[in-house]
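# Structure at a glance
The chain contents come next:
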Amino acid sequence: MQAQALLEASRVGGLLGPIGTGHGKELTTFLMPIVMPSCRVAVLFIPANLLPQFEAEWGYYGAHWRLPNLAGGRWFRAGLPVLHVVTYNKLSSQEATGLLERIRPDLVILNEAHNLKDPRSARTGRFLRYFEKHPRTRLVALSGTLASKSIKDYAHLSRLALGEGSPLPLAHHVVEEWGTALDPGKVVAAPGALERLCEPEEHVREGFQRRRNATRGVVATEESALDKPLIIRPRYPGPVPAQLLALIELAHAGERPDGEQFQEQLQAVACARQLSAGFYHRWRYPRGEPPELIEQWFAQRKAWNKEVWEELKGKRREHLDSPGLLTKAAIRAHMSPPYEGDKPVWHAATWPAWAEIHAAVQPEPQAVWVSDFLVKDAAEWARSRVGIVWVEFPELGERIAKVAGVPFYGGGKTASEAILRETGKRPVVASIKAHATGKNLQQFFRNLVVTPPSDGATWEQLLARTHRPGQQAPCVEVDVCLHTHDFVEAFATAQARARFIQQTDGMPQKLLAGQVRTPSSNSSNKPRQSRDQPHLKEDKHQQTHQYPSHTSQHSSPTSKHPPEESPMAPFQFGQD
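What this report covers is the structure whose coordinates are included nearby. (Residues numbered from 1 in each chain as written. Predicted model: local features only at pLDDT ≥ 70, side-chain atom pairs only at ≥ 80, totals over all residues. Heavy atoms only, no water.)

### So, the overall build of the protein
Looking only at helices and strands, one finds 22 helices and 16 strands in the protein. The proportion of buried residues among the 576 residues of the protein is 53%. Counting contacts in the protein only where the partners sit at least 6 residues apart, residues at least 24 apart contribute 72% of the total. Surface summary for the protein: the accessible area is close to 26,700 Å², and the carbon and sulfur share equals 50%. (Helix = DSSP H or I, 4+ residues; strand = E, 2+ residues; numbered from the N terminus. Buried < 20%, exposed > 50% of the residue type's maximum accessible area, 1.4 Å probe, protein only. Contact = heavy atoms within 4.5 Å. Areas by Shrake-Rupley, 256 points an atom, 1.4 Å probe, with all protein chains shown as cover.)

Right, dumping it as C-alpha cells:
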C-alpha cells in the first residue's frame, strides 16, 4: 500500500488517500517529498497529539530510509527537499495567519486530512487561501476517515489534490446535490444522474465508491489491517439513579438542573449527555456580580460573537481570519490616537459596547456532580482488569482515575508522551479527544468506552488504537456504556455514519465488522424505556453475532438509494 501510494502520487502529481488505520501512512508521508518530482520544500501537517510519536518514528525510519531534510533538524544533506512539520493546532493559531506564505511549500502533505474538512474554520481557510494564491502547489491528503458525515467533508481536498481529475464534482452546488443522495440522513434524495455511475443492481453508494477508488490519483484500502476478532459488548452500569433520569428529561425539556433555561437545542443535548455521565457544566461567578450585570454582559457578548461570525462567513484575509485576529483589528480601529501601522483594522459596530463591559463579569466554568454511579462502575472495571477507559470529559476522566487509583491522560504533549510509554500492564484512563487518533496503543487489548461518541469516524479511530497490527492478544474487547437513551442514540447514530463511510469508501468499518456479544445483566441496569423508544431485544442464548450488513438488514440488493436507517438496529441482538 505504501509503495502504491508513493508511485501514484509521483505519477499524478497529487494523491487522495483514503487509507485505513494501521496501513503505514506515517512512512508514506515521510518519503513523499523524496518521490515527488522537483519537490524542494514540503509541509507535513499532523495532529498535535501525534508529535511525540512522529519524533520517535522519524528517528527509527531515518536509520533505514533516505528521508528529507527536517526543518530545524541537526543534519542537512544537499540535494534533498526540506520538510517542515506543522501541527493543525499551530495552523489555527493567530501567529500562523501567514505561515504557509512564509514557508512557501511546493508540496503539502496532510496526515489525518479530516482535520481540514471544515472550510469555515480558520486553519482550513488559511490552507485554501494559500492554494488559491499558489495553484501549482501539489497536495497529498491521507486519512482513514476522510468523510464522517458527508462527501462535502473532503470534496475540496479532492479538487486540490487531483484538479480536473477529481472523482468528486468541482462545483460546490453539484457536491451539495450529490450529497443529498449519498449522505446519511432521515430524508434521502433519489440518485438521479448518479445512477449512471452504477452497475446493474448496484447500490448508489457502492457505485460511487467503485468509481472513486478506480480514479487515477486515488489509492484506497479495502480490507482491515488486522485479521483478529473485535468483540463489542454493551455495558449497563446501574441502576441509573432516578434523580439523574429525571434531570436528563428536564434537560431535554430545555432546562438545566440549576434552573437556567437553554437558548438552543444543542445546549440541551450537551447537558443531557453530561448528565448521562453523572454531572453537568454551569457558569459560576466567584466575584459576586449582580444578575442584571450578568444578563447585560451575556447580551453584549452574544451581539459581539454574532458580528464576528458574520464577518468570518465572508472572504477571509490575512490577519482577519479568526476571532482573535478580528478582536485585535477592532481594537486598532478604535484606538486614540488613530492606528497608523500596516496591519488591517475592522470597524465593528458592537465592539465599543462589548469593550466597555467585557471585563466587568468574569465567569468560571464549574462541573456540578449529581451522581458518581458511572464513576464507580468505570473504576470497578479498571480495578478488575487491564485496559483503557475512554472518556469524553476531562472532569469525568480525572474522577474515575482518582477513584480507581490509576493514571489519567488528558491533553497536552506531556500526556501524549507518557501514554506511549505505557507497557499495557496496568489500566489507564484516556481522553478520546486527545488520544483516540493516530497513536499506537496495541499494548492494550481491553477497552471501556464510558461516553460513546456519535461519530462513526471517531469510533474507527478509537477502535484502531488497540485493534491494529502488532496486537498480540487473540482478540480485542470493547465494552460500551449504554445505560441512557442518549448514549443508545449516540451509538446508533455512529453505526449509521460508519455504514455511510463503509459504503462510500469501501473500507470495512470496525464498528460494523466487530462481533457483538450480549452480557448477562439485570434488566434494571438497562435504559428506561420511553414511549417513543423501541425496546432493545437481547439474545437469550448469549450467542455471538456479526453486525447485520446495511443492504441485508434494511434494503433489497437492487435498491438505488440509501435505505432507511433504523436507530435501534445495532442493538436488536435477538433478531432473526
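### Let's talk about the environment of Glu460
Take Glu460: it is sitting in helix H19 (residues 456-463). A relative accessible area of 7% places Glu460 in the buried class. Beyond its immediate stretch of four places on either side in the chain, Glu460 contacts Thr21, Thr145, Pro508, Gln509, Lys510 and Leu511.

### A word on unusual backbone geometry
Residue Pro337 follows Ser336 across a cis peptide bond; omega there is 0 degrees. Considering the arrangement of structural elements, one finds Pro337 in the loop between helix H13 (323-333) and helix H14 (351-357). At Arg104, a residue that is not glycine, the phi angle is positive and equals roughly 55 degrees. By the secondary structure assignment, Arg104 is in the loop between helix H5 (99-103) and strand S5 (107-111). According to the relative accessible area criterion, Arg104 is partly exposed, its value standing at 47%. The phi dihedral of Glu201 falls on the positive side, at around 60 degrees, and the residue is not glycine.

### Things to note about the nonpolar core
Membership of the largest hydrophobic core comes to 43 residues, with the highest contact counts inside it found for Phe45, Leu110, Phe127, Leu139, Ile151 and Tyr154. The element contributing the most residues to this core is helix H7 (residues 155-162), with five residues. Discounting chain neighbours no more than four positions away, the residues touching Leu110 are Phe45, Tyr88, Leu116, Phe127, Leu139, Val140, Ala141, Leu142 and Leu157. Formed by 34 residues, the second largest nonpolar core is a distinct cluster that contains Phe373, Ala379, Ala404 and Cys481. (Core = buried A, V, L, I, M, F, W, Y, C linked by side-chain atoms within 4.5 Å.)

### Some words on the packing of helix H3 (residues 51-62) against helix H17 (residues 413-420)
Between H3 and H17, the shortest axis-to-axis distance is 8 Å and the interhelical angle comes to 55 degrees. Classified by the angle between their axes, H3 and H17 sit oblique to one another. Contacts from Pro52, Gln53 and Glu55 in H3 reach Lys413, Ser416, Glu417 and Leu420 in H17. Of the residues that constitute the contact of H3 with H17, the class distribution is two nonpolar, two polar and three charged. (Axes fitted to C-alpha atoms, helices over the stretch in contact; angles between N-to-C directions. Parallel < 35°, antiparallel > 145°, perpendicular 65-115°, else oblique. Nonpolar A, V, L, I, M, F, W, Y, C, P; charged D, E, K, R; others polar.)

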